[in-house]
Amino acid sequence: MKTSFFNNTQRSIIYLLIALALLVATGLHIYKELENSRISLMLVDEDKENTKLLKNIITLKSASLKVFTEDYTYWDDMLLFASTGDTAWATENIVASAQTYKSDYAWVFDKNFRLTYFFSASGNLLSDSALISADIVRKLTGKNRFFEFFAKSDSGIVEIRGATIHPTSDPLRITDPGGYFVVGRLWSEQWQTELSSVTNSSIEIIDPKMPDNSGHDGSWNSFQIKSLLMLKDWQQKPIASVQSSREATIIKIIHKQVQREFYIIVIFISGVLVLVSLSLYYLVNLPLKKISRSLKENNPLYLSGLTGKGNEFGEMARLVGEFFLQKKELLKKIEEQAEAEEKIRQSEEVLKHSLKEKEVLLKEVHHRVKNNLQIIISLIRLQTSRIANRVTVEQLHTSLNRIKSIALVHEMLYGSHDLANIDFGIYIQKITSSLRDIYLSSQYDIKIDISANNVFLGVDSAVPCAIIINELVTNAIKHAFGRSKKGNISISLNTEGGFHVLNVHDNGIGMSKEIDIYNTESLGMHLISSLTEQLDGTLSVRTEGGTSFTLKFKEEI
């Protein structure tokens, strides 16, 4: 036994070291994965910011064309020019302003979509004028007063914006268009260079059919950020894409720093593990081997190097020498303990048997009380059959019902596993069922609703509470509904704040408000008042919408 213990302890130390190494390795792996995940998230966020920056800068650089079209298209002079095509006026106003607004092209159509003027900074009037046609303008302005799209020219991609022309007095463009003004800007290499400088990235115009390599794939070892912005023609079909590429330099530096920190942590933890392993071997494993061998061979010579030490293993070595001397005494104590436990077990059996006998006797008491009450009920019934006075017979029947309510309590206690308490919800079901059979015939349409779940009462509370319910329900059936013989009686019992609350309500004709329930000649009401005092409870009556009795009492433990 002892040798096995020491061998298991030594193996446990080895397993512990292995588990510790695996735990550290797992922790380092999780740490590395979390750091890589953090870098990936940073790259994804950087990609989103880069895409947003690209869109905002292109929108900002395109703002001048938007202003050019908006400002020049609610102007009386422009409205007149659309119909005349005065070249001198165009040179002075449109051509001169084109450089300010960085516009390379300008088209002016009259209200009938005839081209009255065209300007091209490159001088290629024939080919450049075909970038937009009257039919395109007609279709686009039929949907909106402003429009924008991109087109391909021999020189590259052209950004085009246009708007309908209106009088100066109509800045909201409510009137019919008096013409159409369209401007364009060539996205030249110089424009791409400027955009690259502003976004600090490499800008390239690519074919939209090329594979979409934009965004970041979430890989932590790729620091190249690519953003893609699709350019569409007047039919909203892709004609080109603007691709922005740059390296996430700061994130790359952070990643390298994290890698260095990770390797430092690995080296440090590896050194700690080696130191702990050597310490455990010389301070724990080696002394355990000596103690194990001494116990296995029953030879204290192996402990000669340990008994002089003041640590736990020295104390253990000294205790091993005393072990066999104490073994006999220990076995004797174990035997005495076993005898004592056997005596205790026998005493428990006697107590259980005695408790069982008491339970049987208590059930027999309840059974005999119930039987005696049944005998009394039978005697009263025999006496009733010999009495001709109707009032006396009715009073005897009322007393019979009261005795039945008490007998039902003892009957339920006799049939219950818990001899101290009964489920009063079930009791209410039974007592109301009995009263329904006695008083309600086919001529009555009186419904009794019960709400009482998981409320248990002891016999001292159950008996008076049972008689009270019997009196209240009997009273309601006999007197609450008058000649209509139709209505509802509801009974509820629940526990609120340590108190039991019993409520019996009927929707009948109601009691007189002047009746004092504590000072009445009615035997039933006097009995209810007395039983309420016996329960040390309170009884309240409401007469709105029928009659409602509420009994509140706290069961003594």
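Residues numbered from 1 in each chain as written. Predicted model: local features only at pLDDT ≥ 70, side-chain atom pairs only at ≥ 80, totals over all residues. Heavy atoms only, no water.

**Quick notes on the overall build of the chain**
The helix and strand inventory of the chain stands at 13 helices and 15 strands. Burial analysis of the chain (557 residues in total) assigns 37% to the buried set. Taking the contacts inside the chain whose residues are at least 6 apart along the sequence as the reference set, 65% of them involve residues at least 24 apart. In the form shown here, the chain has an accessible surface area of approximately 33300 Å², with 56% of it arising from carbon and sulfur atoms. (Helix = DSSP H or I, 4+ residues; strand = E, 2+ residues; numbered from the N terminus. Buried < 20%, exposed > 50% of the residue type's maximum accessible area, 1.4 Å probe, protein only. Contact = heavy atoms within 4.5 Å. Areas by Shrake-Rupley, 256 points an atom, 1.4 Å probe, with all protein chains shown as cover.)

**Brief notes about the packing of aromatic side chains**
Across all of its chains, the model carries 17 aromatic pairs by this definition. An angle of 70 degrees between the planes, with centres 5.5 Å apart, marks the rings of Phe-81 and Tyr-117 as edge-to-face. With Phe-81 in helix α3 (residues 76-84) and Tyr-117 in strand β2 (residues 115-120), the pair connects residues that are 36 residues apart, well separated along the chain. Exposure remark for Phe-81: the relative accessible area of 2% places this residue in the buried category. Summarising the aromatic geometry, the rings of Phe-147 and Phe-149 are spaced 6.2 Å apart at their centres and angled 20 degrees between planes, so their arrangement reads as stacked. Across the pair, exposure class does not vary: Phe-147 and Phe-149 are buried alike. An aromatic cluster of three or more residues is present, and its members are Phe-68, Tyr-72, Trp-75, Phe-81, Trp-89, Tyr-101, Tyr-117 and Phe-181. The lysine or arginine in question, Arg-138, covers the ring of Phe-113, its NZ or CZ lying 4.6 Å from the ring centre. Across the ring face of Phe-499, the terminal group of Lys-552 is positioned such that the distance to the ring centre comes to 5.1 Å. (Phe/Tyr/Trp six-rings, centres within 6.5 Å; stacked < 30°, edge-to-face > 60°. Lys NZ or Arg CZ within 6 Å of the ring centre and 35° of its normal.)

**Observations concerning a nonpolar patch on the surface**
A cluster of nonpolar side chains, contributed by Leu-20, Leu-23, Phe-268, Val-272 and Val-276, occupies part of the molecular surface with about 440 Å² of accessible area. Of all the secondary structure elements, the ones that give two or more residues to the nonpolar patch are α1 (2-61) and α8 (249-297). A total of 3 residues in the nonpolar patch trace back to one element, the largest contributor, which is α8. Mapped onto the fold, Val-272 is located in helix α8. (Patch = residues over 30% accessible without salt bridge, like charges linked within 9 Å, V, L, I, M, F, W, Y side chains within 5 Å. Salt bridge = Lys/Arg side-chain N within 4 Å of Asp/Glu carboxyl O.)

**Points about the pairing of strand β8 (residues 238-247)**
With 8 of 10 residues buried, β8 lies mostly within the body of the structure. In this structure, strand β7 (residues 224-232) lies alongside β8, joined through 9 bridges in antiparallel fashion. In the strand pairing of β8, Leu-228 is matched with Gln-243. Hairpin connection between β7 and β8: a loop of 5 residues separates the two successive antiparallel strands, and Gln-236 in this loop has a positive phi of roughly 65 degrees. (Pairing = 2+ DSSP bridges.)

**What to know about the side chain of Thr-69**
Summarising the element assignment, Thr-69 is placed in helix α2 (residues 63-72). Overall, the relative accessible area of 2% leaves Thr-69 in the buried class. Among the polar contacts listed, one links the side chain of Thr-69 to the backbone oxygen of Lys-66, at a separation of 2.8 Å. The contacts of Thr-69, once residues within four sequence positions are left out, are Arg-161, Gly-162, Ala-163, Arg-173, Phe-181 and Val-183. (Polar contact = N/O pair within 3.5 Å; in protein donor to acceptor, adjacent residues only side chain to side chain.)

**A few points about the environment of Val-459**
As for its position among the elements, Val-459 is in helix α12 (residues 459-479). Residue Val-459 is classed as partly exposed on the basis of its relative accessible area, which comes to 30%. Residues Val-459 and Ile-422 lie 37 residues apart in sequence; the distance between their C-alpha atoms is 7.8 Å.

**Comments concerning the sheet that holds strand β4 (residues 156-165)**
Taken in spatial order, the 5 strands of this open sheet run β2-β1-β5-β4-β3, and their pairing is antiparallel. Each of the sheet's edge strands pairs with one partner strand only, and the pair in question is β2 and β3 (146-153). For this sheet, the mean inter-axis angle between neighbouring strands, taken without regard to orientation, is 15 degrees. Pairing of strand β1 (residues 105-110) with strand β5 (residues 179-186) involves 6 bridges; the strand directions are antiparallel. Looking across to β5, one finds that Ala-106 is bridged to Val-183. Packing against the sheet, α3 makes contact with β1, β2, β4 and β5, and its axis sits at approximately 75 degrees to β1. Sitting on the sheet, helix α4 (residues 87-100) touches β1, β2 and β5, and the angle it makes with β2 is about 40 degrees. (Axes fitted to C-alpha atoms, helices over the stretch in contact; angles between N-to-C directions.)

**Here we look at the sheet that holds strand β6 (residues 202-206)**
Taking strand neighbours across the sheet as the criterion, the 3 strands line up as β6-β8-β7 in an open arrangement whose pairing is antiparallel. The outermost strands of the open sheet, each flanked by one partner alone, are β6 and β7. Shown here is a sheet whose adjacent strand axes are inclined to one another by a mean of 20 degrees, direction ignored. Across the sheet, helix α7 (residues 189-199) is in contact with β6 and β8; its angle to β6 comes to roughly 135 degrees.

**Regarding the pattern of salt bridges**
Counted according to the given criterion, the structure contains 10 salt bridges. Asp-135 serves as the salt-bridge partner of Arg-138, at 3.7 Å between the closest nitrogen and oxygen. Here Arg-138 and its partner Asp-135 are both found in helix α6 (residues 134-141), 3 residues apart, which amounts to about one turn of the helix. Of the charged contacts, one joins Glu-342 and Arg-345 as a salt bridge, the two residues approaching to 2.5 Å between their closest N and O atoms. Here Glu-342 pairs with Arg-345, and both are found in helix α9 (residues 312-385), just 3 residues apart, close to one helical turn. Arg-345 sits in the partly exposed class, given a relative accessible area of 39%.

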